[in-house]
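Survey of secondary and tertiary structure
One-letter residues, chain by chain:
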Amino acid sequence: MPASAASRRGPPRPAKPVDEVPTGSLSELRAAADACRRCPLWRPATQTVFGAGPARARIMLVGEQPGAQEDLAGQPFVGPAGQLLRAALEAAGLDPARLYLTNTVKHFKFEARGKRRLHQRASAGEQAACRPWLAAELDRLRPRMVVALGAMAGQTLLGNTFRLTMGRGQLLPLGESDTTVVATWHPSAILRARDPKREEMHRQLLDDLQLAAEHVRA
Ligand code: URA
């Protein structure tokens, strides 16, 4: 790889601490994450839901954690939130197939209620245990742009003091790297909201995705 400005400035890293960053190709990282036992979430989950998309993608989208449908499919953003997100990407002129989609936490966390599996938020310890995989994906892709979907991704990348209500829709540097972050609403939060707030959040998601698209084209 030619020595680029990005490589001289250092790799993009989450602001929250990561003890050790695994290395390898995306398929090697995916295989290693499949066998991950860094926290107990692997046990009840169907499988690890690693990131998906081309290694040369210039935009990486980081969500929170897979849901029930992602757990079964082994792919990020294939359920209702993913459908909203993919439609928004297309409306913003971005082809989802050319982007890299991943999550802060790579396993579905749930509470079983009869046959239903109710989503539960990953704890701070579970998020920390999963951070090396996100750091490894960032290291491997070195994307121009990261779109953080929701507060969990925003705080992982930008630090605990980051607030979506203040920092949404702004182009922010990712540490000392040449990667830029824009944080926006998580599609699940939009699905949960009621109009007129829902409509406003949806419009802001489109604006923020358009900003990301313009930034990588510039
Ligand atoms: N929500 C997320 O944050 N990620 C997914 O992959 C699906 C829903």
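A quick note: this is a predicted structure, and the numbers were derived from the prediction, not measured. (Residues numbered from 1 in each chain as written. Predicted model: local features only at pLDDT ≥ 70, side-chain atom pairs only at ≥ 80, totals over all residues. Heavy atoms only, no water.)

**Considering the nonpolar core**
Counting residues in hydrophobic clusters, the biggest one holds 55 residues, and the most contacted among them are I59, M60, L61, V147, L157 and L209. Ranked by residues supplied to this core, first place goes to helix α5 (residues 124–141) with seven residues. Ignoring sequence-local partners within four residues, the contact set of V147 consists of I59, M60, L61, V62, V182, T184, L209 and A212. (Core = buried A, V, L, I, M, F, W, Y, C linked by side-chain atoms within 4.5 Å. Buried < 20%, exposed > 50% of the residue type's maximum accessible area, 1.4 Å probe, protein only. Helix = DSSP H or I, 4+ residues; strand = E, 2+ residues; numbered from the N terminus. Contact = heavy atoms within 4.5 Å.)

**Comments concerning the environment of L157**
Here L157 shows up in helix α6 (residues 151–158). Owing to a relative accessible area of 2%, L157 belongs among the buried residues under this scheme. Spatially, the C-alpha atom of L157 lies 27 Å from that of L72, the residues being 85 residues apart in sequence. With sequence-adjacent residues up to four places away left out, L157 is seen in contact with R13, P14, A15, V62, L134, L138, V146, A148 and L174.

**Side note on the site of the ligand**
In the vicinity of the ligand, the contacting residues are G63, E64, Q65, P66, E70, P76, F77, N103 and H186. Contact between the ligand and E64: an oxygen atom at 2.7 Å from a main-chain N or O atom of the residue. Separating an oxygen atom of the ligand from a side-chain N or O atom of H186 is a distance of 2.7 Å. Alone, the ligand offers 240 Å² of accessible surface; in the complex the protein occludes 94% of this. (Near = heavy atom within 4 Å. Polar contact = N/O pair within 3.5 Å; in protein donor to acceptor, adjacent residues only side chain to side chain. Areas by Shrake-Rupley, 256 points an atom, 1.4 Å probe, with all protein chains shown as cover.)

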